[in-house]
Amino acid sequence: ILMRSPKGKTKIFEDTLTRFGIPCYIDYKTSNFDAIEIKCLLDYLKIIDNQNQDEALIGAMSSVFGNFDNEELIRIREEFPDYEFYEAAKAYAKLENDLSAKLNGFFERLNEDIRLERMMSLDDFLWTVTENRGYSAYIGSLDNAEQRLHNIKTFIGKAREYEQSESRGLFGFLRQVHSLLREK
């Protein structure tokens, strides 16, 4: 199906064709950024760039990157209701219980990824994160895994293209992705 202006329609067509077992190809110049597996990865990348983004932090913590459930997130919020969520999570991590130990592990992995991001090319870093944090394995276990993994591969390819231009770094790439998503 060739469309002149597919904005907002590609996901509907893809879902419908896939549901009926009809193979399809979507040119995901920007549209794969809307896929849930990309949004989840973007949340984690946003907090690597800047941990003090509550929405992205909660998204990353409640995903495979953190494996926190809603009750755990609520416990953090209830313990420190007047704090921004990042500050609440850091304060909670200083307590001594199972949840604080889990938070400390999360922040240790996050800090390791922050360090790696500064030392690697963006596409190598993204491959490392998706592999080392079990994200590719997790995505591979979901329905429509082949397409989801393709979306991640395409996304990482966009990061490579970004760095091959005159631009560099995670911050700039995230700004470019945000700009592309706003245009949709």
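Just above sits the structure.
Attention here is on the structure that accompanies the text. (Residues numbered from 1 in each chain as written. Predicted model: local features only at pLDDT ≥ 70, side-chain atom pairs only at ≥ 80, totals over all residues. Heavy atoms only, no water.)

## Structural notes on the layout of surface pockets
A water-sized probe, rolled over the atoms, reveals where empty space remains. Reported here for the second largest pocket is a volume of approximately 280 Å³. In this structure, the second largest pocket is lined by 14 residues; those nearest its centre are Lys 46, Leu 174, Val 177, His 178 and Leu 181. Elements with a contribution of two residues or more to the lining of the second largest pocket: α2 (36–49) and α10 (170–183). For the lining of the second largest pocket, the leading source of residues is α10, giving six residues. (1 Å grid on protein atoms, 1.4 Å probe; cavity = no way out; pocket = protein on both sides within 12 Å on 5 of 7 lines; lining within 4 Å. Points joined across faces, edges and corners; volume = space filled by probe spheres on them. Helix = DSSP H or I, 4+ residues; strand = E, 2+ residues; numbered from the N terminus.)

## Regarding the packing of aromatic side chains
Tallied over the full model, the rule gives nine aromatic pairs. Considering the side-chain rings of Phe 80 and Tyr 83, the 5.1 Å spacing of their centres and the 50 degrees angle between planes classify their relative orientation as tilted. The exposure class assigned to Tyr 83 is partly exposed, which follows from its relative accessible area of 40%. On the numbers, 5.6 Å between centres and 55 degrees between planes, the contact of Tyr 162 with Phe 173 is tilted. In this pair, Tyr 162 is assigned in helix α9 (residues 145–164) and Phe 173 in helix α10, connecting sequence segments eleven residues apart. Residue Tyr 162 is classed as buried on the basis of its relative accessible area, which comes to 9%. Residue classification places Phe 173 among the buried residues on the basis of a relative accessible area of 1%. (Phe/Tyr/Trp six-rings, centres within 6.5 Å; stacked < 30°, edge-to-face > 60°. Buried < 20%, exposed > 50% of the residue type's maximum accessible area, 1.4 Å probe, protein only.)

## Remarks on helix α4 (residues 70–79)
Of the residues making up α4, those classed as buried are Glu 72, Leu 73 and Ile 76. Looking straight down α4, one finds that the buried residues subtend no more than 100 degrees of arc, so they occupy a single side. Structural note: α4 exposes Asn 70, Glu 71 and Glu 78 on the side pointing more than 90 degrees away from its buried face. Where α4 is buried, its residues contact α3 (54–61), α5 (85–93) and α6 (98–119). At the N-terminal end of α4, a side-chain oxygen is found 3.1 Å from the backbone nitrogen of Glu 71, two or three residues along, and the residue is Asp 69. (Arc of directions from axis to C-beta. Contact = heavy atoms within 4.5 Å. Polar contact = N/O pair within 3.5 Å; in protein donor to acceptor, adjacent residues only side chain to side chain.)

## Looking at the pattern of salt bridges
Taken as a whole and assessed by the stated rule, the structure comprises six salt bridges. Linking Glu 37 and Arg 148 is a salt bridge whose minimum nitrogen-to-oxygen distance equals 3.1 Å. With Glu 37 in helix α2 and Arg 148 in helix α9, the pair connects residues that are 111 residues apart, well separated along the chain. With relative accessibility at 4%, the residue Glu 37 sits in the buried group. The closest approach of N and O atoms between Asp 123 and Arg 160, which form a salt bridge, is 3.1 Å. (Salt bridge = Lys/Arg side-chain N within 4 Å of Asp/Glu carboxyl O.)

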